[in-house]
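Residue-level listing of the chains:
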Amino acid sequence: MNRALNLAQVQGAGYADVRVVHKRTEALMVKNGVVDNLDFSETIGFGVRVLIDGAWGFASSRVLNPKEVDRITTLAVDIARASEMVRGERAELGPAVTSQGKYQTPIKINPFSIPMEQKLDVLMSADKEMAKVENVRVRRSNLTFIQEKKWLANTEGAFTEQTIYETGGGLVATAVGEGEVQTRSYPTSFGRQQVTAGWEMVDQWDFPGNAFRVAREAAALLAADPCPSDLTTTIILGGDQLALQVHESCGHPIELDRVFGTEAAYAGTSFLTTEKLDTFQYGSPIVNITADSVRPYGLGTFGWDDEGVPAQTTPIVKEGLFVGYLMSRETASRLGKASNGCMRASGWNRIPLIRMTNVSLEPGEWEFDDLIADTNEGIFMETNRSWSIDDKRYNFQFGTEIGHEIKNGKLGRLLRNCTYTGITPEFWNNCDAICNENHWVMWGTPNCGKGQPPQIAHTGHGTAPARFRNVRVGVYK
Amino acid sequence: MFGEKRAKEIVQDVLQRCAPQPSEVLLMAEEKALTRFANNYIHQNVAETNVEMIVRLVAGRDQIGSATTNILEPEALDEVVERAKANAQASPSDPDFNGLAKPATYDRVGSYDEKTMEYPPQKRAEAVGVVCRLATEKGLNASGSFSTGGGELVVANSEGVFAYYPQTQADFQTVVMADDASGYAQRSHWRVNTLDVENLGREAIHKAIRGRKPRNIESGEYPVVLDAYATADILEMLSWYGMGALSVFEGRSWMNDRMGEQAMSPLVNICDDGLDDRGIPMPFDFEGVPKQRVDIVRAGIVQGPVYDRYIGGKMGKESTGHALPPTARPLSPLPMNLFMQPGETPTEGLINSTERGLYITRFHYTRLVHPRDCVITGMTRDGVFWIEKSELAYPVKNLRFTQGYVKALADVETLGSETRLLTSEYLPGSMFVPALKLKIFHFTGLTA
């Protein structure tokens, strides 16, 4: 690593950092009683990022030897010189980062120490339970385990070493009836729940114990009534659906690179422009949103970000007022602030970008049963099925796997094909109740796309069920 | 880049390490670079050298396991083989395993260009600089990316398959923004010199200027003229959610209950053809099976999906050469070289034949609402215009739509003659698509 840093400086870099990443992933999927995928993958490499006269260059390679380190460092410098040909504002990084130390995800049981047969047995047992339900055409269950070791050094003196463990898993039952397809998932949709933890989480999730219920719900949805069409009503969102709502309508628009327009061509920009900081009423007074990289189990939990900035906690929305961004060193310095440690790269072959850490809705005061009892009329929706939001993160539409009518304070008939739509600040200003810490779960989103070339980030979102008034539902066909 | 000779040595070495077990080795090498710009300057500029080797191994008669690495040193190759073997031995039997592919001959396709492979960062910067300068001169804000590079795909197995092809790819895309409007342009090709970056910049700038001072219109149903970028989204979603045999087999494809039926306008012809050089050709799939041309929709009648060996075997069909890598098996097979037949009417003619309606540049953040009709929701983006009395009357603000995409292609009134070859962030391969005029499209919301 020192070789790359020294060479970069000799060749004119005012700043350079180098990351070495070694990632091992074990992925198991069982479908309809057979193994659909059983793969162990390993990737290792390094990336060199240089800043020359305020212009960036980055190059990366899988080959770890001195000759390749020299070639890649020289290429990164060459690329930075090319960036200078079309330069804008000079990139400034603010105060030097000199972090030193080691970090490892706290785990109770190393998932890589568990025999493959035991892992498959969990999935096969769950599969057998789902198979008991008629009309369930496709049964999927999966486990994913990740160990990522990474080392970061920069020309300012930082050197950090981290080992991050992630454990993920899930069940999906797809029922097919006459012209209808319905899916139920557990613990959440799009494959799996994922957290920074070890094998102990697999025991906690108890896939075999939940499989029959999940399959039965999928089959029941085939005959359920459709979500009422084009109605404005009250909705209560389950924690897993709310996690994606926070991700899309709060997490992305607070990324300061989007605000400054550097993601405009791909994912878009943000309505939360800088003049709104500390003045804009994002949500109702009960809405408190926090970004942190320290909470247990969060996929955004680590020791330091990929610029070496220490893990920390940042208020984003305080009693409804918008008060904070996710920042890098470069973007923070443009606001006269210090980075809050949100630069994360998806691997050795990608540059760090501003990514969500754990962006969470803080718990409120309600018990879930009391919240339902307090709701005269509405719909309780759980588990995301589709999500779409505009390029400023303003107009959104979500669909959920399952809904239940709420009538006179009680959960009633099952509803299928539930959707709701809204405008971000209007929606959050209509939030009038949030469940308490007894119902608060740290959800994982292991599929967040951003950047060119594309990067998939793993982010965390702690949420408890919450109630929203005056929401348009039933936008289907 | 390894070159064919060295690539063959590497994969044969791994097959020998797997012997006597039947096995397959997939080697994908890539050297790619991308220059990214925003606010009229380059802000990210990157390069990558990597390989991915996937070893798929059969234990017993039908126990399958795989392992993946990017380390090619001898000890690492031993380790990846041992991992694949252990995974195979731990797997229960899969009675539907259809064996490994048999040796075949492959068509030679033109898909490699040395200039695209070696394109230096200075050249990308020069091209980007032209677009940024043009935007600056008009008081606009240009952002986008220019990527070049390529790689090699090698498939070999213990049945004697050895398939090798090198491929290059270049893509330029830009969003040019005014305060209240934006424009977009994109092209992809395997030869970088066919991309006219300056003209693409001018296309996006023109649309951004034309889009200023957009008005609100009511949501509802309108006739639409879709630029090819929007057509590409329709094709991509129909592909993801129903053109592969797996989704048909599982009953979640839009093709289910429509096979052999007139589900779309008689004007609509969609095929997948890995050998058509109007696209980005690819002679074989990730199992080493030669690519076949597959008619997916002919004259609006649904013909059928594409197949790989596994799902083809389960459905009593031969593979059409559309397998994805084994680690992507839950998604396999998929089309990778899609073509929608164009018509003879220029985009201007599509607009001129529309009394009232909308002209749409592209769609954004489209997601599946319901699978069997491929109902999609998304936003318009980067240029929406109201058509009144056969002319572009004024720009309008972005709209949300919720629309069945099968129904959309049933409502094709005219096919455009202007086509674009585009690659997607999500769909492997490429799409060759025309502009379209649709009788009706369902808008369900407005941007605030």
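Residues numbered from 1 in each chain as written. Chains lettered and ligands numbered in written order. Predicted model: local features only at pLDDT ≥ 70, side-chain atom pairs only at ≥ 80, totals over all residues.

A few words on the overall build of chain B. Each helix and strand counted, chain B has 10 helices and 18 strands in total. Its C-alpha atoms give chain B a radius of gyration of 23 Å, near enough to 22 Å, the size a compact globule of 448 residues would have. Taking the principal axes of its C-alpha atoms as reference, chain B extends roughly 70 × 55 × 35 Å. Within the span of chain B, comprising 448 residues, buried residues form 58% of the whole. Contacts in chain B between residues at least 24 apart in sequence constitute 73% of all its contacts with a sequence separation of at least 6. (Helix = DSSP H or I, 4+ residues; strand = E, 2+ residues; numbered from the N terminus. Rg over C-alpha atoms; globule rule 2.2 N^0.38 Å. Buried ≥ 20, exposed ≤ 12 C-beta atoms within 10 Å, placed from the backbone. Contact = placed C-beta atoms within 7 Å.)

This paragraph deals with the overall build of chain A. On a plain count of helices and strands, chain A comes out with 10 helices and 24 strands. In terms of overall dimensions, chain A is globule-like: its C-alpha atoms have a radius of gyration of 23 Å, near the 23 Å expected for 477 residues. Relative to its full complement of 477 residues, chain A shows a buried share of 60%. For chain A, long-range pairs separated by at least 24 residues make up 77% of all intrachain contacts whose partners lie at least 6 apart in sequence.

One way to put it is that helix α3 (residues 116-131) of chain A packs onto helix α2 (residues 74-90) of chain B with a least axis distance of 10 Å and a crossing angle of 45°. Relative to α2 of chain B, the element α3 of chain A is oriented oblique. Classified by chirality, the crossing of α2 of chain B by α3 of chain A is right-handed. For the pair α3 of chain A and α2 of chain B, contact is made by M116, E117 and L120 of chain A and by A86, N87 and A90 of chain B, respectively. The residue makeup of the contact of α3 of chain A with α2 of chain B, split by class, is four nonpolar, one polar and one charged. (Axes fitted to C-alpha atoms, helices over the stretch in contact; angles between N-to-C directions. Parallel < 35°, antiparallel > 145°, perpendicular 65-115°, else oblique. Left-handed = near helix turned anticlockwise from the far one by under 90°. Nonpolar A, V, L, I, M, F, W, Y, C, P; charged D, E, K, R; others polar.)

Chain B puts 77 residues into the contact, and the matching count from chain A is 64 residues. When its residues are assigned to classes, the side of chain B that touches chain A shows 28 nonpolar, 35 polar and 14 charged. The pairing of strand β2 (residues 34-52) of chain A with strand β3 (residues 63-69) of chain B spans four bridges and is classified as parallel. Across the sheet, residue F40 of chain A finds its bridge partner in β3 of chain B, namely A67 of chain B. (Pairing = 2+ DSSP bridges.)

Moving on: α2 of chain B. With 17 residues, α2 of chain B extends 24 Å from end C-alpha to end C-alpha; this agrees with the ideal 24 Å at 1.5 Å per step. Within the span of α2 of chain B, buried status applies to L77, V80, V81, R83, A84, K85, N87 and A88 of chain B. Lining the buried residues of α2 of chain B we find β2 and α3 of chain A together with α1 (4-18), β2 (41-59) and β3 of chain B. (Expected span 1.5 Å × (residues − 1).)

What follows concerns the nonpolar core. Judged by nonpolar contacts, the single largest core of 273 residues is most densely connected at A8, V48, V50, A76 and A466 of chain A together with V55 of chain B. Residue contacts for V48 of chain A: discarding those within four places in its chain leaves A4, A8, A16, V18, F58, A59, I72, T73 and A76 of chain A. (Core = buried A, V, L, I, M, F, W, Y, C linked by C-beta atoms within 7 Å.)

We now examine unusual backbone geometry. The phi torsion of most residues other than glycine is negative, and most of the peptide bonds are trans. A cis geometry characterises the amide bond from Y186 of chain A onward to P187 of chain A, with omega recorded as -5°. Its location among the elements puts P187 of chain A in the loop between β7 (180-186) and β8 (193-195). At N135 of chain A, a residue that is not glycine, the phi angle is positive and equals roughly 75°. Within the element layout of this structure, N135 of chain A appears in the loop between α3 and β5 (136-154). Although it is not a glycine, K213 of chain B adopts a positive phi angle of roughly 55°. Within the element layout of this structure, K213 of chain B appears in the loop between α5 (197-210) and β8 (221-226).

This brings us to α5 of chain B. Residues and elements named next belong to chain B. Compared with an ideal rise of 1.5 Å per residue, which puts 14 residues at 20 Å, α5 spans 20 Å between its outermost C-alpha atoms and is within 8% of the ideal. Along α5, the residues classified as buried are V197, L200, G201, A204, I205, K207 and A208. Projection of α5 onto a plane perpendicular to its axis shows the buried side chains occupying an angular sector of 165°, all on one side. The elements touched by buried residues of α5 are α4 (121-137), β4 (141-157), β6 (170-177), β7 (182-189), β13 (356-370) and β14 (375-388). (Arc of directions from axis to C-beta.)

Residues and elements named next belong to chain B. Relative to strand β10 (residues 294-298), strand β9 (residues 270-272) runs antiparallel, the two being bridged by three bridges. Within the sheet, the bridge partner assigned to I270 lies in β10 and is V297. When β10 meets strand β11 (residues 301-302), the two strands line up antiparallel, connected through two bridges. In the sheet register, R298 faces β11, and the bridge partner there is I301.

The next subject is the environment of L446 of chain B. Positionally, L446 of chain B belongs in strand β18 (residues 430-446). Setting aside anything within four residues of it in sequence, one finds L446 of chain B in contact with N216, S219, K397 and L399 of chain B.

Okay, the packing of helix α2 (residues 66-84) of chain A against α4 of chain B next. Contact pair α2 of chain A / α4 of chain B: the axes reach a minimum separation of 9 Å and the direction vectors enclose 20°. Our classification of the angle between α2 of chain A and α4 of chain B gives roughly parallel. Of the two possible hands of crossing, α2 of chain A and α4 of chain B adopt the one that is right-handed. Here α2 of chain A contributes D78, I79, A82 and S83 of chain A to the contact with α4 of chain B, which in turn contributes P121, Q122 and A125 of chain B.

Let us now look at the environment of D411 of chain B. Residues and elements named next belong to chain B. Locating D411 in the fold gives a position in the loop between α10 (405-410) and β17 (412-423). Note on D411: 19 C-beta atoms within 10 Å, which makes it partly exposed. It is 8.4 Å that separates the C-alpha atoms of D411 and K437, two residues lying 26 residues apart in sequence. Residue contacts for D411: discarding those within four places in its chain leaves S265, L438, K439 and I440.

This paragraph deals with the pairing of β14 of chain B. Residues and elements named next belong to chain B. In terms of burial, β14 is a largely internal element, 12 of the 14 residues being buried. Relative to β14, β13 is paired through 11 bridges, and the arrangement is antiparallel. From the neighbouring strand, F363 faces β14, where its bridge partner is T380. Where β13 folds back on β14, the antiparallel hairpin that results is connected by four residues, among which C374 adopts a positive phi of roughly 50°. One ladder, built from four bridges, connects β14 with strand β15 (residues 391-395); its direction is antiparallel. From the neighbouring strand, I387 faces β15, where its bridge partner is L392.

What follows is about the confidence of the model for chain B. Mean pLDDT over chain B: 96, with 100% of residues reaching 70 or higher. We note a pTM of 0.95 for the whole complex and an ipTM of 0.94 for its interfaces. (pLDDT = per-residue confidence, 0-100.)

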